[in-house]
Each structure stands twice: as structure tokens, then as C-alpha cells.
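The chain contents come next:
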Amino acid sequence: MFTDYSLILGGGGITGIAWMTGLLFGLSEKGFDLRECGRMLGTSAGATVAAQIREDSDLGELYERQVNTSKQVQELTPQVRLLRLLSLAISVLPKLNAPVERTQRIGRLALRAEAGNAQARQSVITARLHPRRDWPAKPLALVAVDVLTGEARIFDRNSGVALADAVAASCAVPGIWPPVSIGGRQYMDGGIRSASNADLAVNSSQVIVLAPLGVRHGIAGRTLARQIAKLEQAGTRVQIIGPDRASAAAMGRNPLNPTRRAIAAQAGREQGHLIATEYERNWR
């Protein structure tokens, strides 16, 4: 049903992972399996979910890993002072006109900050992906940002990079988690360029965007709304799914809060059921 679609999974932290997992599971229960999409592109939290679901995955089991405390991955908790530092740095970025300059400024923050133990962080990423170790055969692209140049890097199975490393790079929130070294370069969260990077889905006739942070969120000035407008001008049909009111309340204001995983996933599942009914005519 969805082989002609591209699925874009955006950033949104730990609660975003939970919400998207619940949403995908809820949709599948109603007969809409977005794992069938011909192409997938993931950013940050979306990189984790995309890598998990792309091939030979059990959405029910992935959902249980969000709502069942005995199956949840033991996440690291970032220091409060680092969260405050990141918020302060981001607050001044709108004063910079050039998007690349903004990402470079955040890159300098990423290199300066004491952002925790890289090995411990990598262990969390590996645990999230378990038992998957290798890139799936089906098309999967993950977005990270070069810390020094501020430019996007798209990793796929032909990049010569381990899947866990690519996911870790895409999820490396600057100032919170350490940059990831790949091929002599340092990479940080792909969400620094854009929360979803939907504009990278070029040459797609139909696109579905899962946007845990909503439509208007955009750190580097490339908001999802602008990207969608460009895609539609090029003739691409776009469906955007962001958290409804119940899901937004369940996710809360801190996307890195692991205690909200269960309720965020449950809200996502319920929203998936509602969306299946609403979009049935569009997707059948």
C-alpha cells in the first residue's frame, strides 16, 4: 500500500521515540503499516525508530519496550545545567541570519561542552537497536550534522559506517551528548539542521512526515512548514502527523524525560487508531 511513499521520522527525544513507536503500532493495528514505505529518512529520535522498524521488526514488541518498565532501555539522564546551557545557546541563534552559521555556532558549543561519557552513550544506542546490528536491505537514510562545517551528512548502508554509529551521530544533541567521531570527522544531532529534514526527501511523489515536535519547530530556521511548502510546490503530496492534544500532554515539555515513555507511547497508539479512521480514504 505504501511502497510509493517516503516516510520521514523527525526528532523529538526519548518521548518522541515513544510517541512514534506507539503511533506506528496503533496504525498497524488498524491495517496501516508504514513499515511498507519505499524509503525512510530518520533524524535524531526518528533515526532510532527508523532503524528499529525498517526490516523484520515486531511493532508490538517495540511498543512493549516503551510501556513495560521491565523491557525499557536504561536511558542516561542529562545534567540539568547542560539542559539550561543548551536552551540559552539556542535562544540567541535566531539573531544569526545564515542557517549554516547557526549550525556552526551550535557545533562549537558541542565541542566545548562536557557532555558525558561517549562509551556509556553508545551503549544506550546499541541497547535501543538490539537485536539489530546491521543496516537493513531496504532504503534507509539517517541525518547528522558535521560539527565544524555545519553541513548535513546522510548516512546509509553504502556509507561504510556502522548502523549504531550513524544512529548515535544523528542523536548526539550538542551540549547534552558527546559528538560522534566517524571517519575523522565529528558529528552531532541531525535535528540541528532541521527537526525533520523533510526537504531531503527529493524526488518523492508522496511523503508522510511524523513530527514529534510539531510543524513549526525549527532550530536552524528550516522549519517543517517551509520544507513542506517546497515539496508541495514540486508536486509532492505530503501528509503530516504531529502529536494531538492528548499526545502533547503525555509527552510533556522535556523530550529527554524517560519517565514519560509509557504514557507517550500509549497516547501515540490511541492517536494512531484515530488517524487510521480519519485517513482511511486517503490511504486506501
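Residues numbered from 1 in each chain as written. Predicted model: local features only at pLDDT ≥ 70, side-chain atom pairs only at ≥ 80, totals over all residues. Heavy atoms only, no water.

K.L.:
If you had to explain the overall build of the protein to someone new, which residues and values would you point to?
P.N.:
Assigned secondary structure in the protein consists of 11 helices and eight strands. Per-residue burial for the protein yields a buried fraction of 54% across its 284 residues. For the protein, the computed accessible surface area is about 12800 Å², with 49% contributed by carbon and sulfur atoms. (Helix = DSSP H or I, 4+ residues; strand = E, 2+ residues; numbered from the N terminus. Buried < 20%, exposed > 50% of the residue type's maximum accessible area, 1.4 Å probe, protein only. Areas by Shrake-Rupley, 256 points an atom, 1.4 Å probe, with all protein chains shown as cover.)

K.L.:
I'd like a description of the packing of aromatic side chains, backed by residues and values.
P.N.:
Aromatic ring pairs are reported here in terms of the distance separating the ring centres and the angle at which the planes meet. By the definition in use, this model includes three aromatic pairs. A centroid spacing of 5.4 Å and a plane angle of 80° characterise the contact between Phe-155 and Tyr-187, whose relative ring orientation is edge-to-face. With Phe-155 in strand β4 (residues 152-155) and Tyr-187 in strand β6 (residues 185-189), this pair connects stretches of sequence that are 32 residues apart. Take Phe-155 and Tyr-187: they sit in the same class, and that class is buried. (Phe/Tyr/Trp six-rings, centres within 6.5 Å; stacked < 30°, edge-to-face > 60°.)

K.L.:
Give a detailed account of the side chain of Arg-54, specifying residues and quantitative values.
P.N.:
Mapped onto the secondary structure, Arg-54 falls in the loop between α2 (45-53) and α3 (59-67). Despite its burial, Arg-54 pairs with no opposite charge; the closest candidate is Glu-55, at 6.9 Å N-O. Separated by 3.2 Å, the side chain of Arg-54 and the backbone oxygen of Arg-35 make a polar contact. A polar side-chain atom of Arg-54 sits 2.8 Å from the main-chain carbonyl oxygen of Pro-139. (Lys, Arg positive; Asp, Glu negative; His and termini not counted. Salt bridge = Lys/Arg side-chain N within 4 Å of Asp/Glu carboxyl O. Polar contact = N/O pair within 3.5 Å; in protein donor to acceptor, adjacent residues only side chain to side chain.)

K.L.:
Could you give an account of the pattern of salt bridges, with specific residues and numbers?
P.N.:
Think of it this way: side chains of opposite charge can pair up when their charged atoms draw near. Per the stated rule, a full pass over the model turns up six salt bridges. The partner of Asp-146 in a salt bridge is Arg-185, and the shortest N-O contact between them spans 2.9 Å. Remark: Arg-185 occurs in strand β6 and Asp-146 occurs in strand β3 (residues 140-146); sequence separation between them is 39 residues. A relative accessible area of 7% places Asp-146 in the buried class. A relative accessible area of 32% places Arg-185 in the partly exposed class. Between Arg-193 and Asp-199 there is a salt bridge, with its nearest N and O atoms 2.8 Å apart.

K.L.:
Break down the packing of helix α1 (residues 13-29) against α3 for me, citing the residues and quoting the values.
P.N.:
When two helices pack together, their arrangement is given by the angle between the helix axes and the distance between those axes. Taken N-terminus to C-terminus, the directions of α1 and α3 make an angle of 145°; their axes are 9 Å apart at the nearest point. Crossing hand, α1 versus α3: left-handed. Between α1 and α3, the residues in contact are Ile-17, Ala-18, Thr-21, Gly-22, Leu-24, Phe-25 and Ser-28 and Leu-59, Gly-60, Leu-62, Tyr-63 and Gln-66, respectively. Tallied by class, residues from the contact of α1 with α3 come to seven nonpolar, five polar and no charged. (Axes fitted to C-alpha atoms, helices over the stretch in contact; angles between N-to-C directions. Left-handed = near helix turned anticlockwise from the far one by under 90°. Contact = heavy atoms within 4.5 Å. Nonpolar A, V, L, I, M, F, W, Y, C, P; charged D, E, K, R; others polar.)

K.L.:
Can you break down the side chain of Arg-193 residue by residue, with the values?
P.N.:
Relative to the elements of secondary structure, Arg-193 occurs in the loop between β6 and β7 (206-210). One polar contact links Arg-193 to Asn-197, side chain to side chain, over a distance of 2.7 Å. Side chain to side chain, Arg-193 and Asp-199 meet in a polar contact 2.8 Å long.

K.L.:
Would you mind going over the environment of Asp-134 in detail, with residue names and values included?
P.N.:
When you line up the elements, Asp-134 lands in the loop between α6 (118-129) and β3. You can call Asp-134 exposed: its relative accessible area is 57%. Sequence-wise, Asp-134 and Val-161 are 27 residues apart; in three dimensions their C-alpha atoms are separated by 9.9 Å.

K.L.:
Could you give an account of the environment of Ala-18, with specific residues and numbers?
P.N.:
Checked against the element boundaries, Ala-18 lands in helix α1. Residue Ala-18 is classed as buried on the basis of its relative accessible area, which comes to 0%. Separated by 240 residues in the primary sequence, Ala-18 and Pro-258 place their C-alpha atoms 9.3 Å from one another. Setting aside residues no more than four positions away along its own chain, Ala-18 makes contact with Gln-66, Arg-261, Ala-264 and Ala-265.

K.L.:
An account of the environment of Arg-54 is requested, with residue identities and associated values reported.
P.N.:
According to the relative accessible area criterion, Arg-54 is buried, its value standing at 1%. For Arg-54 and Leu-34, which are 20 residues apart along the polypeptide, the C-alpha to C-alpha distance reads 9.4 Å. Look past the residues within four positions of Arg-54 in its chain and what remains in contact with it is Arg-35, Cys-37, Gly-38, Arg-39, Met-40, Pro-136, Lys-138, Pro-139 and Leu-140. A polar side-chain atom of Arg-54 sits 2.9 Å from the main-chain carbonyl oxygen of Gly-38.

Keep in mind these numbers describe shape, not what the thing actually does.
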